[in-house]
Amino acid sequence: MKTRLLSLTAAAALSVFSAASFADSAVMSDVSQGFEAQTGKEIYETVCISCHMAEGKGAVGAGQFPAFANNMRLMAGEYPAHIVLYGQKGMPGFGNYLDDNQVAEIVNYIRTNFGNEFKADFTAEKVAGMRTPDADYGTLD
Ligand code: HEC
């Protein structure tokens, strides 16, 4: 019950949190420079955690933030990689802020944590192949 209350509080806090205001948060102050974090864990804790929560459990408030725990949609690396690059609905795209190696790192991280045991075999080359010269990744501004 205690955990449940805590997560409800977190969800309420998240409800004021939109992609538009995301860039204003302290963590994101240097987005124009991209993110410095290099390992999947660092990237998760810098970029993804605010919406998807510490244990990758997701949250439900005004918005729905999907859980990564035991999420079969992570089976193919292309799916999370595409969402991280281009965004989807309430999630902003990070293609302008994370390089190919960082995207591969975060994809492998969520596929091998939170109870997931997929292979950490996604590569920067595969990410590069998912970019196009005129891609519109959107911005966090
Ligand atoms: C501003 C909040 C926000 C941030 C930051 C964010 N996400 Fe998301 N994410 C979402 C939302 C909202 C969705 C659901 C999108 C939809 O409705 O299709 C989502 C969906 C996803 C999905 C699809 C999950 C599924 O089950 O279909 C993946 C994978 C994902 N995010 C990965 C990441 C990763 C990796 C990061 C960090 C690089 C990240 N997200 C950062 C809000 C966020």
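Before going into details, it helps to say that this report is about the structure given with it.

What counts, and at which threshold
- Residues numbered from 1 in each chain as written.
- Predicted model: local features only at pLDDT ≥ 70, side-chain atom pairs only at ≥ 80, totals over all residues.
- Heavy atoms only, no water.
- Donors = N, O, S within 2.8 Å, 3.2 Å for Na, K, Ca; no water.
- Tetrahedral: all angles 85-135°; square planar, octahedral: opposite > 155°, others 65-115°.
- Helix = DSSP H or I, 4+ residues; strand = E, 2+ residues; numbered from the N terminus.
- Buried < 20%, exposed > 50% of the residue type's maximum accessible area, 1.4 Å probe, protein only.
- Core = buried A, V, L, I, M, F, W, Y, C linked by side-chain atoms within 4.5 Å.
- Contact = heavy atoms within 4.5 Å.
- Near = heavy atom within 4 Å.
- Polar contact = N/O pair within 3.5 Å; in protein donor to acceptor, adjacent residues only side chain to side chain.
- Nonpolar A, V, L, I, M, F, W, Y, C, P; charged D, E, K, R; others polar.

Around the iron atom of the ligand, the donor atoms from the protein are His52 (NE2) and Met91 (SD), and they sit 2.0 to 2.1 Å away. Coordination at the iron atom of the ligand is octahedral: its six donor atoms span angles of 87 to 180° at the metal. In this pair, His52 sits in helix α3 (residues 40-52) while Met91 sits in the loop between α4 (78-86) and α5 (100-111), placing the two residues 39 residues apart along the sequence. You can call Met91 partly exposed: its relative accessible area is 23%.

This paragraph deals with unusual backbone geometry. With phi around 50°, Asn70 is a residue other than glycine that occupies positive phi space. Tracing the backbone through its elements, the reader meets Asn70 in the loop between β2 (64-65) and α4. A relative accessible area of 59% places Asn70 in the exposed class. Positive phi, normally seen in glycine, also occurs at Lys89, with a value near 45°. For Lys89, the location among the structural elements is in the loop between α4 and α5.

On to the nonpolar core. Of all hydrophobic cores here, the largest spans 27 residues; its most connected members are Phe35, Tyr44, Phe94, Leu98, Val103, Ile106 and Ile110. Of all the secondary-structure elements, those providing two or more residues to this core are α3, α4 and α5. With six residues, α5 is the largest single contributor of residues to this core. In this structure Ile110 touches Tyr44, Phe68, Leu74, Pro80 and Asn116, once residues within four positions along its chain are discounted.

The next subject is the site of the ligand. Contacts to the ligand come from 23 residues, most closely from Cys48, Cys51, His52, Tyr79 and Met91. For the ligand, a nitrogen atom lies 2.8 Å from a polar atom in the side chain of His52. Here Arg73 contributes a side-chain N or O atom positioned 2.7 Å from an oxygen atom of the ligand. Counting residues per element, the ones that place at least two in the shell around the ligand are α3, β2 and α4. Across the shell around the ligand, the residue classes tally to 16 nonpolar, five polar and two charged.

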